Amino acid sequence: VFPSIWGVFIKQGKEQEEAFAQVFENFSFLEEELKGKKFFGGEKIGYADLALGWIAERVFELEEIGVKVIEKEKFPLVSAWMQEFLKVPVIKESLPPHEKLVTKMRGIREKYLGAAHPK
């Protein structure tokens, strides 16, 4: 999942569209895995949720800087999972400051896009 999201994050144009195809495939798989469940393991947060939990926060950060990775309509279960994951008290309390991450992600993206299109 990470390489495909990273590709969307650091690319533009046709390359970004190609990366979106991989993101779509990955999220389709995750959507299937969540059918009938609140979390990947069922009703309680488990190892798979912890391993994939970074997706929940990163997707919102990326959207804030103008990179929409996931559409709620196409992936309603993944979208609901992200919301539920971020509501878990221990997760919510452990997240780094959102604004700092947004600022950092914006800077990283600008660096990559600037390197791809030097002036």
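Residue positions within a chain follow its written sequence, with the count starting from 1. Since the coordinates come from a predicted model, pLDDT governs what is reported: local features require at least 70, and pairs of side-chain atoms require 80 or more to be given and counted, while whole-chain, interface and lining totals use all residues. The side-chain numbers reported here are obtained from all heavy atoms of the structure, hydrogens and water having been left aside.

**Some points on the UniProt feature "domain: GST C-terminal" (unreviewed entry) in the protein chain**
Okay, step 1: UniProt positions are given in the numbering used here, feature names are shortened, and annotations may be inferred rather than shown by experiment. Annotation from UniProt places "domain: GST C-terminal" (unreviewed entry) at residues 1-105.
Okay, step 2: Comment: elements are numbered from the N terminus, with helices defined as DSSP H or I runs of at least four residues and strands as E runs of at least two. With 70% helix and 0% strand, residues 1-105 has end C-alpha atoms that lie 17 Å from one another.

**Thoughts on a nonpolar patch on the surface**
Okay, step 1: Patches were defined on residues exceeding 30% relative accessible area and lacking a salt bridge, with like-charge contacts within 9 Å and nonpolar side-chain contacts (Val, Leu, Ile, Met, Phe, Trp, Tyr) within 5 Å. Exposure was quantified through the Shrake-Rupley algorithm and a 1.4 Å probe, taking into account, for residues, occlusion by the shown protein chains and nothing else. Any Lys or Arg side-chain nitrogen located within 4 Å of an Asp or Glu carboxyl oxygen qualifies as a salt bridge. A surface patch of nonpolar side chains, amounting to about 370 Å² of accessible area, comprises I45, Y47 and L50.
Okay, step 2: With respect to the helices and strands, the residue Y47 is situated in helix α3 (residues 47-52).

**Topic: the pattern of salt bridges**
Okay, step 1: Within the structure shown, the criterion is met by five salt bridges.
Okay, step 2: The partner of K35 in a salt bridge is E32, and the shortest N-O contact between them spans 3.0 Å.
Okay, step 3: Each residue's exposure class comes from its accessible area (1.4 Å probe, protein chains only) as a fraction of the maximum for that residue type: buried when under 20%, exposed when over 50%, partly exposed otherwise. The class for E32 is partly exposed, based on a relative accessible area of 47%.
Okay, step 4: Measuring nitrogen to oxygen at the nearest pair gives 3.7 Å for the salt bridge that ties E63 to K68.
Okay, step 5: Overall, E63 belongs to the partly exposed group, its relative accessible area being 30%.
Okay, step 6: Given a relative accessible area of 48%, K68 falls into the partly exposed group.
Okay, step 7: One connected set of salt bridges, linked through shared partners, spans K38, E84 and K87.

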